[in-house]
Amino acid sequence: MRQRITKHDFRFMPSGYGHYKVTYTSPVTGRQWTAVTSEMPLIDATKNCEDPKVGDLNYLKKVCKSWKH
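The notes below deal with the structure included here.

Parameters at a glance
Along each chain, the written sequence defines residue order, and numbers are assigned to residues from 1. The predicted nature of this model means local features are confined to residues of pLDDT at least 70 and side-chain atom pairs, given and counted, to a pLDDT of 80 or more, with totals for whole chains, interfaces and linings taken over all residues. Heavy atoms from the whole structure form the basis of all side-chain values; hydrogens and water molecules are not counted. In this description, strands pair whenever DSSP reports at least two bridges between them. In this description a helix means any DSSP run of H or I spanning at least four residues, a strand means any run of E spanning at least two, and both kinds are numbered starting from the N terminus. Axis angles are defined between N-to-C directions and span 0 to 180 degrees, where every axis is a line fitted to C-alpha atoms and, for a helix, only to the segment in contact.

## Some remarks on the sheet that holds strand S1 (residues 10-14)
In step 1: Strand order in the open sheet made by the three strands is S1-S2-S3, with antiparallel pairing throughout. Looking at which strands have only one partner, the edges of the open sheet turn out to be S1 and strand S3 (32-37). Strand after strand, the sheet turns through a mean of 20° between neighbouring axes, direction not considered.
In step 2: Relative to S3, strand S2 (residues 20-25) runs antiparallel, the two sharing six bridges. Note on S3: the bridge partner recorded for Thr25 is Gln32.

And the structure:
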């Protein structure tokens, strides 16, 4: 059964001025993906929001999974 994505699937760490290091952990497999982003509207819509939208969380997950080091 598919689990709904939540804010608790992400870890946010400041990574310099206007940047966050975001780690997404899959609730099913436990696998992790990490990205550094300066997209502050996305951070505000997820980390700084009490009840973030599922669409914003899915977009942040996509950012984490597609980021190249």
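Text resumes after the structure shown.
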